[in-house]
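Breakdown of the fold
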Amino acid sequence: MNDRDALTAYAASFVDELAQNKMKHVVVSPGSRSTPLALLLVEHPDIEVHINVDERSAAFFALGLAKALKEPVGLLCTSGTAAANFYPAVIEAYYSRVPLIVLTADRPHELRDVGAPQAIDQIHLYGRQVKWFVEMALPESTDEMMRYARTIGARAVSTAATEPAGPVHLNFPLREPLIPNLEQAKEYRQNKMTPAVMIENGALSLSDSHIEALAATLSQAKQGMIVCGELRHPKMKEAIVALAEKLAFPILADPLSQLRSGKHDKDGIIDTYDTFLRDEAAKEAFRPDVVLRFGSMPVSKPLLLFMKKQKQTITLVIDGGAGWREPAGLATNMIYCEEKDFCQRVCEKIPKATEKNWLGLWKTVNGATKNALSSIRDEVDLSEGKLFSLLQDMMPIESTLFVGNSMPIRDLDTFFLSNEKGIKTFANRGANGIDGVVSTALGVSTVSENTVLAIGDLSFFHDMNGLLAAKLQKQNITILLINNDGGGIFSFLPQANDREHFETLFGTPHGLDFSHTAQLYGGKYSKVQNWDELKQVFTESFEIQGLKIIEVPTERESNLQKHRNLWNFVSQEIKVVLDREIS
């Protein structure tokens, strides 16, 4: 058997095993050294290939696909710095627990460290930011090596998907010739769809005695609260709601928890804590004796600061991925158990709470805060806070909202409140960076209906290359481009006090005309001037296929002042409520 036949047998066996293990999507960036894998992937009937020329964009696009699908997605590039451009998205995938299978082609060993072109050291290229790394063997066609290729493929899919989910990296050294025999490759497909290796993963679970002990602790608590950050599995929310109802605990629900939107019971959902926990009187009124935490740490900094002050509180962090997501440093119990299983089993062991004054106080303050926040809808000028307040009204039922970092995610937290629409919310909160947001949202939109991206101007500029995927693949997405001509979030930070250097170092105004961006990538562009125009253009965007960019111009200084005025108004309203409720 010649080298081409060996390459075909080895690589085709590997690709087929990915498909046998239900990896359905792969994002490919063009390149020479990756040719055999690219051809075999695109030829496989059970794998859908998405082409993205820019490796950095491609990696974030794959991240978005994996986020939306909640299953492993493949990612392929050629050798050299192409692989290095995957790194930001690999980091995000690692810290946000998103399953990616990163496939990098490489020069064979004799062409490494000898000055060959497109040859860099790719061994452990992503360091500790991947769950597993394999330097693949050179292709051979023996039964043992084809079994090896299949085994690695099966392990890669399983490792990426096993909690905590995350990226794995397989590096393929490949010699020329690089063109496999595609007709012969069909012989290495197992049409029976049975993996070569059956890998069975079980969820973490606690013993009955542990559950009983924790149930006793929770039922004795008089002033407990449940804090939910980003939750990956949608079925968890019903279990959490049921547990909260039985305990009479409020649920402080981050916008990425998926608990704020949908048909489930939201009576105990507290969604304005980011606003009222800025108030000293509110923080004094709420002194929990136990805190239950699910998911990653929420976006809200006021909530984090509030929790850090609860030094005498029993804090239980429930994590089915057995990680350490506890930035407050106050966990008394790290509980490694599948979250839904934990909620259901504890629910069975505890009596239904009869005393609901504590929950009632949270709901009363939450309601008063909502009423106060609604005053932002009286704003005449375009503003960022009002935009997010109106979004929950304007978004279609069963739609998807992807939000950029910096100010957009914080305004989402403050103003996007409980509703019945079933709006799924996404963001890149693993490393909290502004890079790759456009591409990630486009990946989400590939498998999600009525996708909207709300993004700031600097984040948009940072990933404009990602829009090529929207043009080439005819992606259907509406982008709300919030343009305050710079880094709006820095206006809220202490750096803003340095007036001499603030604009140069932090404000960074750019003066870009984004209509040219829309023209370059074949998108429909609108720049709105008032709220009526925004509502009309936004609603019409869902009737138009393709890329739609709606620019919403705002003023940074005005936005800062409006936020501060609103917080002051809320504090006054909360004081009235607390004086009445506690006296």
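For the structure, check the block above.
Quick caveat, the model's predicted, so the values are computed rather than measured. (Residues numbered from 1 in each chain as written. Predicted model: local features only at pLDDT ≥ 70, side-chain atom pairs only at ≥ 80, totals over all residues. Heavy atoms only, no water.)

1. Section: the nonpolar core
In terms of nonpolar packing, the biggest core is built from 57 residues, with Leu252, Phe276, Leu303, Leu391, Leu401, Leu480 and Leu534 touching the most fellow members. The element best represented in this core is helix α14 (residues 357-373), accounting for seven residues. When sequence neighbours within four positions are dropped, the list of residues in contact with Leu303 reads Met225, Val227, Leu252, Tyr273, Leu277 and Pro298. Membership of the second largest hydrophobic core comes to 47 residues, among which are Ala59, Phe60, Ala62 and Ala89. (Core = buried A, V, L, I, M, F, W, Y, C linked by side-chain atoms within 4.5 Å. Buried < 20%, exposed > 50% of the residue type's maximum accessible area, 1.4 Å probe, protein only. Helix = DSSP H or I, 4+ residues; strand = E, 2+ residues; numbered from the N terminus. Contact = heavy atoms within 4.5 Å.)

2. Examining the pairing of strand β4 (residues 100-106)
Of all the seven residues making up β4, seven are buried; the element is thus mostly covered by neighbouring parts of the structure. Neither face of β4 is exposed, since Leu100, Val102, Thr104 and Asp106 on one face and Ile101, Leu103 and Ala105 on the opposite face are all buried. In terms of strand pairing, β4 meets strand β6 (residues 167-173) through seven bridges, oriented parallel. When the sheet's bridge partners are listed, Thr104 is paired in β6 with Asn171. (Pairing = 2+ DSSP bridges.)

3. Looking at the sheet that holds strand β12 (residues 333-335)
The six strands are arranged β9-β8-β7-β10-β11-β12 in an open sheet whose pairing can be described as parallel. The two strands at the open ends of the sheet, each matched to only one other strand, are β9 (269-270) and β12. Pairing of strand β10 (residues 290-294) with strand β11 (residues 314-318) involves five bridges; the strand directions are parallel. The residue of β11 that forms the bridge with Leu292 is Leu316. Contacts from helix α9 (residues 236-247) reach β7 (224-228), β8 (251-253) and β10 within the one sheet, and its direction differs from that of β10 by about 170°. Relative to β7, helix α12 (residues 301-308) is tilted by about 140°, and along the sheet it contacts β7, β8 and β10. (Axes fitted to C-alpha atoms, helices over the stretch in contact; angles between N-to-C directions.)

4. Considerations on the sheet that holds strand β5 (residues 132-135)
The six strands lie next to each other as β2-β1-β3-β4-β6-β5, forming an open sheet whose pairing is parallel. In the strand order of this sheet, the two ends are held by β2 (48-51) and β5, each with one partner. Strand-to-strand twist of the sheet, defined as the mean angle between neighbouring strand axes without regard to direction, takes the value 20°. Where strand β1 (residues 25-28) lies against β2, four bridges are found, and the strand directions are parallel. Note on β2: the bridge partner recorded for Val26 is Val49. Each of β4, β5 and β6 is contacted by helix α6 (residues 143-161), which is oriented at about 160° to β5, the strand it contacts most.

5. Focus on α6
Over its 19 residues, α6 runs 27 Å from end to end, which matches the ideal 27 Å to within 8%, given 1.5 Å per residue. Met145, Met146, Ala149, Arg150, Ile152, Gly153, Ala154, Ala156, Val157, Ser158 and Ala160 are the residues of α6 that are buried. At its buried positions, α6 is contacted by α1 (3-20), β4, β5 and β6. (Expected span 1.5 Å × (residues − 1).)

6. So, unusual backbone geometry
With an omega of -5°, the peptide bond running from Glu163 to Pro164 counts as cis. Relative to the assigned elements, Pro164 resides in the loop between α6 and β6. Of the consecutive residues Glu176 and Pro177, the connecting peptide bond is found in the cis state with omega at 5°. Tracing the chain through its elements places Pro177 in the loop between β6 and α7 (182-185). Residues other than glycine seldom take positive phi values, yet Gln118 does so here, at roughly 55°.

Everything listed here is a matter of coordinates, which is why it stays silent on function.
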